[in-house]
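# Coordinates in review
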Amino acid sequence: MGDRVILHCDLNNYFASAECVDHPEWRGVPMAVCGSREERRGIVLAKNELAKTAGVQTAMPVGEALRLCPRLLTVPPHYERYAAYARQVRAIYAEYTDLVEPFGIDECWLDVTGSRRLFGDGEAVAHAIRRRVKRELGLTISVGVSFCKVMAKLGSDFKKPDAVTLLPRSALQSRVWPLPVGRLLGVGRRTEGQLAALGIFTIGQLAAEQPGAVKRRLGKNGLRLWQFANGLECEPVSPFGYHRPPESVSRSVTTPTDLETPEQIRRVLVGLAESLCSELRQEELVADMVTLSLRDASFAGCSARAALGFPTRAVLPLVSAAMQLLPRLWQGQPLRAVGIGAGRLLPQSASRQTGLLFDWRRCERWERLEGDVDRLRGRFGPRAVVRASQLTQSVAAMPHTLPLSHAAGGSTAFD
């Protein structure tokens, strides 16, 4: 049947581009969408081409960006507007195929294999979509056209902005294999270091390696990356509107002031776990593993994970397990960011096995109580019910990340 035709559409400098659509007068000046410096989230989230030319990079501290570009206009993010534009862009994609899979707010894969008789080959479809997005919404996209999802994403990075790049299977050896291995989907900084320890620095070197050797070093993920490098990835593009159940759920926050005591850390973790467990309930999932992550004032990070005694989606058991990991990671240094994650997710209907010493009835009561609290918040607002332990000044200073962290008039507190 031949290769599939997969597109990867990536909105260029998305947050900054969306702001320039709303404010055309900003197109002629270097500008960047930045987090709040007061809340210590002061990094560049997106920048326009003029700022990029001046050396401003995504994830760069705002102070450094302003030193490189004193004329830089910095604006706060408006996520509701970005979500609205993303929905409009995906509606355009859906006119060409029903196989549209988001990958973050600004990227999507499209499988147009079955659309070629209507709209032409993959390159023709890519250009048609690119022109429509630009004409109708004022945004630009870069599109990679290839035979699988991984190579299509790689292709969309070749030319930016407002461009289409073809990466057929025949170009694998000449165009893909010479690239640094860090360009491959799934290869982050840590994995790149592990591959470097094996003498693997390019995608071609990874493709030529014995799969067993990579698997021994990196486990199943190593074998998966070896398949990616050889163009053997064949994961389908999900249908438009399909929601893939998450494999893990996590929440993290940079706090306005350093955390210096276990109690301060616990209070923030409770606020994060409130949001995390609410998502687990929405997805009808329970977690059998917890992860704790910390970042100190020097930006050094560490994490640890542990199995739970009983799969759950209740806040206190998750926080208790995370706090038991704290002595392994923390020696009392001030912390600027903490996070909690839930892994090894199971359907809530799955059988759950527990040890003889675990009070599973109490855990189930917590789950039912928190489900009732979700319904109250859905009816009367997110601050209708809050935990008493969250009524503190340090936690209340984070309303965007922890929406339940302080009481409003008429709220009820519980713990």
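Per chain, the residues get numbers from 1 upward, laid out in the order the sequence is written. The predicted nature of this model means local features are confined to residues of pLDDT at least 70 and side-chain atom pairs, given and counted, to a pLDDT of 80 or more, with totals for whole chains, interfaces and linings taken over all residues. Heavy atoms from the whole structure form the basis of all side-chain values; hydrogens and water molecules are not counted.

## Concerning the environment of Leu308
- Secondary structure is summarised from DSSP: a helix means a run of H or I of at least four residues, a strand means a run of E of at least two, and numbering begins at the N terminus for each. Looking at the element boundaries, Leu308 is found in strand S11 (residues 301-312).
- Judged by relative accessible area, Leu308 falls into the buried class, the value being 13%.
- Any two residues whose heavy atoms approach within 4.5 Å are treated as being in contact. Aside from chain neighbours lying at most four places away, what touches Leu308 is Ala287, Asp288, Met289, Val290, Pro317, Leu318 and Ala321. Type-normalised accessible area, obtained with a 1.4 Å probe on protein chains alone, sets the label of each residue: buried when under 20%, exposed when over 50%, and partly exposed for intermediate values.

## Let's talk about the environment of Leu318
- Position of Leu318 among the secondary structure elements: in helix H14 (residues 315-329).
- On the basis of relative accessibility, which here comes to 1%, the residue Leu318 falls in the buried class.
- Taking the C-alpha atoms as reference points, Leu318 and Thr291, separated by 27 residues in sequence, lie 9.1 Å from one another.
- Contacts of Leu318, omitting those with residues within four sequence positions, involve Leu276, Cys277, Val290, Leu308 and Ile340.

## Description of helix H12 (residues 220-229)
- Those residues of H12 that fall on the buried side of the exposure criterion are Gly222, Leu225, Trp226, Phe228 and Ala229. Down the axis of H12, the buried side of the element spans an arc of 155°, and every buried residue falls inside it.
- In this fold, the buried residues of H12 make contact with helix H7 (149-156), helix H8 (172-176), helix H9 (189-197), helix H10 (203-208) and helix H11 (211-218).
- One or two positions beyond H12, positive phi appears at Gly231, with a value near 70°. Regarding the arc, it is the one traced by the directions from the helix axis to the C-beta atoms.

## Thoughts on the sheet that holds strand S9 (residues 249-259)
- Pairing is antiparallel in the open sheet, where 4 strands are placed in the order S9-S12-S10-S11. In the strand order of this sheet, the two ends are held by S9 and S11, each with one partner. Neighbour-to-neighbour, the strand axes of this sheet turn through a mean angle of 20°, independent of strand direction.
- As paired elements, strand S10 (residues 285-296) and strand S12 (residues 335-347) share 11 bridges and run antiparallel to each other. Directly across from Leu294, in S12, lies its bridge partner Val338.
- Fitting a line to C-alpha atoms yields each axis, with helices limited to the stretch in contact; the angle taken between N-to-C directions then spans 0 to 180 degrees. Most of the contacts of helix H13 (residues 262-283) go to S9, to which it runs at about 155°, and overall it touches S9, S10, S11 and S12.
- Sheet strands in contact with H14 are S10, S11 and S12, and its direction is about 145° off that of S11. Strand pairing is assigned whenever DSSP detects at least two bridges linking the two strands.

## Quick look at the packing of aromatic side chains
- We call Phe, Tyr and Trp rings a pair once their centres come within 6.5 Å, taking the six-membered ring for Trp, and we label the pair stacked below 30 degrees between planes, edge-to-face above 60, and tilted otherwise. Here the structure, examined in full by the defined rule, presents 7 aromatic pairs.
- Residues Phe15 and Tyr82 carry aromatic rings whose centres are separated by 4.2 Å and whose planes lie at 15° to one another, so their mutual orientation is stacked. Of this pair, Phe15 sits in helix H1 (residues 14-22) while Tyr82 is found in helix H4 (residues 79-93), placing the two residues 67 residues apart along the sequence. Of the two residues, Phe15 and Tyr82, neither departs from the other in class, the shared state being buried.

## A look at empty space enclosed by the protein
- In this analysis, the protein atoms alone were mapped onto a 1 Å grid. Cavities are point sets where a 1.4 Å probe fits without being able to get out; pockets are open sets with protein on both sides within 12 Å along at least five of seven lines; lining residues have an atom within 4 Å of a point. Grid points are joined across faces, edges and corners, and a volume is the space filled by probe spheres set on the points. The tally for this structure, following the rule as stated, stands at 2 cavities of 30 Å³ or more.
- In terms of lining, the second largest cavity is formed by Leu11, Ala86, Val89, Arg90, Tyr93, Ile105, Asp106, Glu107 and Cys108.
- Those elements that provide at least two residues to the lining of the second largest cavity are H4 and strand S6 (107-111).
- Counting residues per element, the lining of the second largest cavity draws most heavily on H4, at 4 residues.
- Residues that form the lining of the second largest cavity fall into these classes: 6 nonpolar, no polar and 3 charged. Three residue categories are used. Nonpolar comprises Ala, Val, Leu, Ile, Met, Phe, Trp, Tyr, Cys and Pro, charged comprises Asp, Glu, Lys and Arg, and polar comprises the others, including Gly.

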